[in-house]
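Chain residues, written in single-letter form:
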2 protein chains.
Amino acid sequence: MSRAPLTDPEHAPVSDSAAGDTERALAHAAEHCEAHGARFTKARRRVLALLLAQQQPLTAYQLLDLLREHQPGAQPPTVYRALDFLMRNELVHRIESTNSYLPCNHQHCGHHPARDAHWPQFLLCDSCGETREVPLDGALRQALTLQARDYGFEVGARPLELHGLCAACRKA
Amino acid sequence: MSRAPLTDPEHAPVSDSAAGDTERALAHAAEHCEAHGARFTKARRRVLALLLAQQQPLTAYQLLDLLREHQPGAQPPTVYRALDFLMRNELVHRIESTNSYLPCNHQHCGHHPARDAHWPQFLLCDSCGETREVPLDGALRQALTLQARDYGFEVGARPLELHGLCAACRKA
DNA sequence: GCCTAATATGTTATAACATATCAATTCATT
DNA sequence: AATGAATTGATATGTTATAACATATTAGGC
Ligand SMILES: [Zn+2]
Ligand SMILES: [Zn+2]
Ligand SMILES: [Zn+2]
Ligand SMILES: [Zn+2]
């Protein structure tokens, strides 16, 4: 897997709006954790901030390299523990087809939280690496559920990963 | 990941019908390779035979352990090369969510080979591990394609992995 | 049959991804 | 401050997959 260059939010300044988005996402995460009695510690915040600063998903070891710029003693468990926490709290998703991690974009927040559990879908461009999280709902969700039922299966809400080409790469 | 006990087709006799199925599948694979100018060597045949003898997908290293019963010097590349070949020739699929491999069930053969490329779908039971390959077609295929297109994406034919509960496990 | 090029396999080492274990620290609660 | 639970540090290991290079086998032209 070859991947794009990475951004460190504290060393490489980003645009004001992107920095603002990151701050808002971190504040949201803090609230979310507080509301669930989960501790949003510095280590966890740092990992989420690094992910938020990227345009692309990161692997755990890319994240570890970035983390070590601030925290030279960081080890694999440092990263994996933070990722586990963030995933348990639905702040981060894992992309299984690329062994990489990205922040949840929270498109699910505010939509029927009970009936309509968070069931994300990822559109992954095989050309440029763009990874877009979109809700898995509507006709697609229904078709999935019904077709699985035809085979006796009850499908769970595990994220769906769809590979292909994004709009920009289709033109090129 | 804990997995079910494994079967070695040459050491642990299976039912006559299962053995017959394996033989038919191997013969089919040989024909298929011949038709495409691909060499269905002993090493590749052996790996496919081991996969066909199982009720479940195997990891590469489970396969390696089985292979070593006949071929004590086998190494990881031995298995991975055979798997690469078998996957290139659509005789085996990789399940990304479990890092495991299983034989293609060829439900796609004989159905509009040109228009309707092999686009498999796997129904994975999270309780018993059953892995069922079914065609990705009809309303689900259309819904996938159309929903992706709404976001500007052109989806490719990479297998879809749906986790959930099989019929038997739903009852229990 | 013999040569050659391509393909496949053997062999060793290492990259890439993830977890187990136990000690030390932090933190909320009493 | 003492207690116990959660978190983090530190070391080691487990699991999945590929790189690199040598050797062997095969197919096809002569
Ligand atoms: Zn999400
Ligand atoms: Zn793209
Ligand atoms: Zn198939
Ligand atoms: Zn089941």
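Thresholds, definitions, all that
Residues numbered from 1 in each chain as written. Chains lettered and ligands numbered in written order. Predicted model: local features only at pLDDT ≥ 70, side-chain atom pairs only at ≥ 80, totals over all residues. Heavy atoms only, no water. Near = heavy atom within 4 Å. Polar contact = N/O pair within 3.5 Å; in protein donor to acceptor, adjacent residues only side chain to side chain. Helix = DSSP H or I, 4+ residues; strand = E, 2+ residues; numbered from the N terminus. Nonpolar A, V, L, I, M, F, W, Y, C, P; charged D, E, K, R; others polar. Contact = heavy atoms within 4.5 Å. Buried area = accessible area lost by both parts, 1.4 Å probe. Salt bridge = Lys/Arg side-chain N within 4 Å of Asp/Glu carboxyl O. Axes fitted to C-alpha atoms, helices over the stretch in contact; angles between N-to-C directions. Parallel < 35°, antiparallel > 145°, perpendicular 65-115°, else oblique. Left-handed = near helix turned anticlockwise from the far one by under 90°. Donors = N, O, S within 2.8 Å, 3.2 Å for Na, K, Ca; no water. Tetrahedral: all angles 85-135°; square planar, octahedral: opposite > 155°, others 65-115°. Buried < 20%, exposed > 50% of the residue type's maximum accessible area, 1.4 Å probe, protein only. 1 Å grid on protein atoms, 1.4 Å probe; cavity = no way out; pocket = protein on both sides within 12 Å on 5 of 7 lines; lining within 4 Å. Points joined across faces, edges and corners; volume = space filled by probe spheres on them.

K.L.:
Looking at this model, I keep getting lost on the protein's contact with DNA strand C. Mind explaining?
P.N.:
Y61(A), Y80(A), R94(A), T41(B) and R81(B) are the nearest of the 21 residues found near DNA strand C. Sugar and phosphate atoms form 49% of the subset of DNA strand C atoms that lie within 4 Å of the protein. Contacts to DNA strand C include Y80(A), whose side-chain N or O atom sits 3.0 Å from a phosphate oxygen. At 3.2 Å from a base oxygen of DNA strand C is found a side-chain nitrogen or oxygen belonging to R81(A). Only α4 (76–88) of chain A together with α2 (42–52) and α4 (76–88) of chain B provide two or more residues apiece to the surface near DNA strand C. Taken together, the residues of the surface near DNA strand C sort by class into 8 nonpolar, 6 polar and 7 charged.

K.L.:
Any chance you could explain the interface of chain B and chain A here in plain terms?
P.N.:
Often, the extent of an interface is quoted as the loss of accessible area upon association of its parts. Of the residues lining the interface, 34 residues belong to chain B; the matching set on chain A comes to 34 residues. Looking at the side of chain B facing chain A, the largest losses of area belong to Q147(B), Y151(B) and F153(B), adding up to 23% of the total buried there. Across the chain B-chain A interface, the total number found is 2 salt bridges. The tally of links from chain B across to chain A stands at 16 residue pairs in polar contact (both at pLDDT 80 or more). Those elements that place two or more of their residues in the side of chain B that touches chain A are β3 (120–125), β4 (131–135), α5 (138–150), β5 (154–155), β6 (160–165) and α6 (167–171) of chain B. Here the side of chain B that touches chain A takes 7 residues from α5(B), the largest share from any one element.

K.L.:
Sorry, what's going on with the packing of helix α3 (residues 60–70) of chain A against α4(A) here?
P.N.:
Packed helix pairs are specified by the crossing angle of their axes together with the interaxial distance, meaning the distance between the axes. Residue and element names in this part refer to chain A. Interhelical geometry of α3 versus α4 gives an angle of 110 degrees and a closest axis separation of 9 Å. Relative to α4, the element α3 is oriented roughly perpendicular. The way α3 lies across α4 gives a crossing that is right-handed. Along its contact with α3, which presents A60, Y61, L63, L64, L67 and R68, the element α4 presents P76, T78, V79, Y80 and L83.

K.L.:
Would you take a moment to explain the protein's contact with DNA strand D for this structure?
P.N.:
Within the structure, DNA strand D sits among 19 residues, and T41(A), R81(A), R39(B), Y61(B) and R94(B) are positioned closest to it. Counting only the atoms of DNA strand D that lie within 4 Å of the protein, the sugar and phosphate share comes to 51%. Measuring from a base nitrogen of DNA strand D, one finds a side-chain N or O atom of Y61(B) at 2.7 Å. A distance of 2.3 Å is found between a phosphate oxygen of DNA strand D and a side-chain nitrogen or oxygen belonging to R94(B).

K.L.:
Help me understand the coordination of the zinc ion (ligand 2), please; the structure alone is not making it clear to me.
P.N.:
Tetrahedral coordination by four donors puts the ideal angle at the metal at 109.5 degrees, and octahedral coordination by six puts it at 90 or 180 degrees. All names here are of chain A. At the metal site, the zinc ion (ligand 2) is ligated by C125 (SG), C128 (SG), C166 (SG) and C169 (SG), and these contacts range over 2.2 to 2.3 Å. In this structure, the zinc ion (ligand 2) is coordinated by 4 donor atoms arranged in tetrahedral fashion, with angles at the metal of 105 to 112 degrees. Written as a sequence motif, the donor arrangement for the zinc ion (ligand 2) is C-x2-C-x37-C-x2-C. With C128 in the loop between β3 (120–125) and β4 (131–135) and C169 in helix α6 (residues 167–171), the pair connects residues that are 41 residues apart, well separated along the chain. Take C128: its relative accessible area is 41%, and that puts it in the partly exposed class. Using a relative accessible area of 17% as the deciding quantity, one classes C169 as buried.

K.L.:
Sorry, what's going on with empty space enclosed by the protein here?
P.N.:
Take a probe with the size of a water molecule and roll it over the atoms, and the empty space left behind shows itself. Taken as a whole and assessed by the stated rule, the structure comprises 3 cavities of 30 Å³ or more. Taken as a whole, the largest cavity spans an internal volume of roughly 120 Å³. E96(A), S97(A), P159(A), L160(A), E161(A), E96(B), S97(B), R158(B), P159(B), L160(B), E161(B) and H163(B) together form the lining of the largest cavity. Looking at the lining of the largest cavity, the elements with two or more residues in it are β6 (160–165) of chain A together with β6 of chain B. Residue contributions to the lining of the largest cavity peak at 3 residues, all from β6(B). Partitioned by chemical class, the residues of the lining of the largest cavity number 4 nonpolar, 3 polar and 5 charged.

K.L.:
Explain the layout of surface pockets to me, please; I cannot follow it from the model alone.
P.N.:
Residues and elements named next belong to chain A. Empty space within the largest pocket amounts to approximately 840 Å³. What lines the largest pocket is a set of 35 residues, and nearest its centre among them are T22, L51, L52, A53 and P103. It is helix α1 (residues 16–35) that contributes the most residues to the lining of the largest pocket, 9 residues altogether. Among the residues making up the lining of the largest pocket, the classes are represented as 18 nonpolar, 9 polar and 8 charged. Estimated volume of the second largest pocket: approximately 620 Å³.

K.L.:
I keep staring at the coordination of the zinc ion (ligand 1) and nothing clicks. Help me out?
P.N.:
Residues and elements named next belong to chain A. Looking at the metal site, the zinc ion (ligand 1) is ligated by H93 (NE2), C104 (SG), H118 (NE2) and E133 (OE), spaced 2.0 to 2.2 Å from it. Between the 4 donor atoms coordinating the zinc ion (ligand 1), the angles at the centre fall across 97 to 131 degrees, so the site counts as tetrahedral. The sequence motif formed by the donor residues of the zinc ion (ligand 1) is H-x10-C-x13-H-x14-E. One end of the pair, H93, is in strand β1 (residues 92–95); the other, H118, is in the loop between β2 (100–103) and β3, and 25 residues separate them in sequence. What makes H93 buried here is its relative accessible area of 7%.

By themselves, these observations are geometric and do not establish any function.
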